[in-house]
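Observations on the three-dimensional arrangement
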Amino acid sequence: MTTPSYDAIILGAGAAGLFCAAQAGQRGLRVLLIDHAPKVAEKIRISGGGRCNFTNRELDVRQPHRHFVGQNPQFCRSALSRYTPADFIALMERHGIAYHEKHKGQLFADRSAEDIIAMLLAECAAGGVERWQPCKVGSVGHGEGGYLLATDRGPVRAANLVIATGGLSIPKIGATDFGYRLAQQFGLPLVERTPGLVPLTFDGDAWAPYAQLSGLALPVEISTGSKKERMSFHEDLLFTHRGLSGPAVLQISSYWQPGTPLSINLAPNVDLAAELARAKLRSRKLIANELTAWLPSRLADAWVAQDSEWQRPIAEASDKALNRLAERLSRWEITPNGSEGYRKAEVTLGGVDTRALSQQSMECKAQPGLFCIGEVVDITGWLGGYNFQWAWASAHACANSL
Ligand code: FDA
């Protein structure tokens, strides 16, 4: 029997793989899409609380470093400027999928992420894409006839091979390191991988005073890094049993370096020292009660419990004690002992080094016909639809170069 042959084999039927397959198929190429999981696009399915935050209107393609992390965020500029959020929105509209904006430019499907998956599958069908799923890939070789893959459905070959196997987060829904291993097999350098957009954890004893706050959420300003490379976000913080989560912490986690502290302003919209000084002159209430003007009462109670000088009527508190309280609340310095890891991370930082890839096509410079797209590349977006936009844009760049 002759080995089936395609113009392109795409490994990974996630966001990037499906989109790339559809576009390449619609350009007239014979495309085979392979995934080891029984279902396509599990991450789209669970994303955005089941509604998929599919892009972000605030993406500024001229300044990718504002919303993307990696050794060279400028790498994604070319692909992002050729396939923009407006392009994906237009595709959604052509398929009649209603969407809405939630927060800071984040766009979500009105009904369900399933609508976006169905749209991508319809686009693949329009391109005549063949799909092998579930299908395990064993060895991958490269010779005169292109790429030869041994799979549990038999051998298959193609002139082009696209690695779209994503990152390491949430292994229970199919994430593997296959793409990174394949990249290494072909000599591509990798940037060290770590969990990104991930809740951070704290040492048990140090966390004990805050463990009772589990479930509490409030808007904060959170920062990390030295003065020169300071990164800050204004977002909601969520206390958990083991540490901190919520958009504020997920965002900062992509910049946080182990062993360094986070600085959190728990009352970012007021000058707390001035407010407490004013309250001292007019109020007979306990300090904890005064604090509830700016903080949730559970947080105010837990905070004053840390110092006996804060457990009294504000009129009787010393200026020094009030200043110390304001300082602690507006510059709470706390050092995580780690993160919740890939089990809870939304993305993987690091990956295939962009220096090995063409920013026009995503093709490996030293390995013709081999392409890397989506999260497997060392480009990670902020929370808010940026990672899917990178998946669409890198897939589009690749599909038009195959
Ligand atoms: P993706 O992970 O989508 O696809 C990779 C595919 O490769 C999978 O289908 C997998 O089964 C397959 N694969 C893996 N190993 C294989 C192997 N050995 N052989 C064959 N196939 C293999 N982003 C965003 O912009 N907005 C959002 O709302 C969210 N929300 C969100 C929630 C949660 C819980 C997570 C975990 C992540 C998000 N993200 C997100 C991130 C986003 O899901 C992610 O960046 C993209 O899905 C990446 O697209 P890829 O196609 O690169 O990988």
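Definitions and limits used
- Residues numbered from 1 in each chain as written.
- Predicted model: local features only at pLDDT ≥ 70, side-chain atom pairs only at ≥ 80, totals over all residues.
- Heavy atoms only, no water.
- Salt bridge = Lys/Arg side-chain N within 4 Å of Asp/Glu carboxyl O.
- Helix = DSSP H or I, 4+ residues; strand = E, 2+ residues; numbered from the N terminus.
- Buried < 20%, exposed > 50% of the residue type's maximum accessible area, 1.4 Å probe, protein only.
- Pairing = 2+ DSSP bridges.
- Contact = heavy atoms within 4.5 Å.
- Axes fitted to C-alpha atoms, helices over the stretch in contact; angles between N-to-C directions.
- Expected span 1.5 Å × (residues − 1).
- Phe/Tyr/Trp six-rings, centres within 6.5 Å; stacked < 30°, edge-to-face > 60°.

On to the pattern of salt bridges, then. A complete count under the given rule lists 15 salt bridges for this structure. Ionic pairing is found between Asp 115 and Arg 111, a salt bridge with its closest N-O pair at 2.8 Å. We note a salt bridge from Arg 324 to Asp 307, for which the minimum N-O separation is 2.6 Å. Of this pair, Arg 324 sits in helix H12 (residues 319-330) while Asp 307 sits in the loop between helix H11 (297-304) and H12, and the two are 17 residues apart along the sequence. What makes Arg 324 partly exposed here is its relative accessible area of 33%. One network of salt bridges, with partners in common, ties together Glu 42, Arg 45 and Glu 114.

Our next topic: the sheet that holds strand E15 (residues 243-245). With antiparallel pairing, seven strands are arranged side by side in an open sheet as E17-E16-E13-E14-E15-E12-E18. Edge positions in the sheet fall to strand E17 (332-334) and strand E18 (338-339), since each has one partner strand and no second. Contacts from helix H7 (residues 204-211) reach strand E14 (231-239), E15 and E17 within the one sheet, and its direction differs from that of E17 by about 140°. Helix H8 (residues 246-253) rests against strand E12 (200-201), strand E13 (217-224), E14, E15 and strand E16 (262-265) of the sheet, and its axis sits at about 135° to E14.

The end-to-end C-alpha distance of helix H1 (residues 15-26), which contains twelve residues, comes to 17 Å, matching closely the 16 Å that a straight helix rising 1.5 Å per residue would cover. Residues Ala 15, Ala 16, Gly 17, Leu 18, Phe 19, Cys 20, Ala 21, Ala 22, Ala 24 and Gly 25 constitute the buried set of H1. Directly after H1, the chain includes Gly 28, whose backbone phi takes a positive value near 100°.

Another point: the packing of aromatic side chains. Summed over all chains, the structure comprises 20 aromatic pairs. Ring centres of Phe 233 and Trp 382 lie 4.7 Å apart, and the angle between their planes is 70°; on these two criteria the pair is classed as edge-to-face. Here Trp 382 lies in the loop between strand E21 (380-381) and helix H13 (386-399) and Phe 233 lies in strand E14, a separation of 149 residues in the sequence. Residue class for Phe 233 comes out buried when judged on its relative accessible area of 5%. Looking at Trp 382, the relative accessible area reads 16%, which means it is buried. Every member of this aromatic cluster is reached through a ring pair, and the members are Phe 19, Phe 54, Tyr 83, Phe 88, Tyr 99, Phe 388 and Trp 392.

With that settled, the discussion passes to the pairing of E16. In E16, alternate side chains face the same way, and those of Leu 262 and Ile 264 on one face and Ser 263 and Asn 265 on the other are all buried. Here E13 pairs with E16 via three bridges, running antiparallel. Residue pairing for E16: Ser 223 is matched across the bridge by Ser 263. With three bridges connecting them, E16 and E17 associate as antiparallel partners. Residue pairing for E17: Ile 264 is matched across the bridge by Trp 332.

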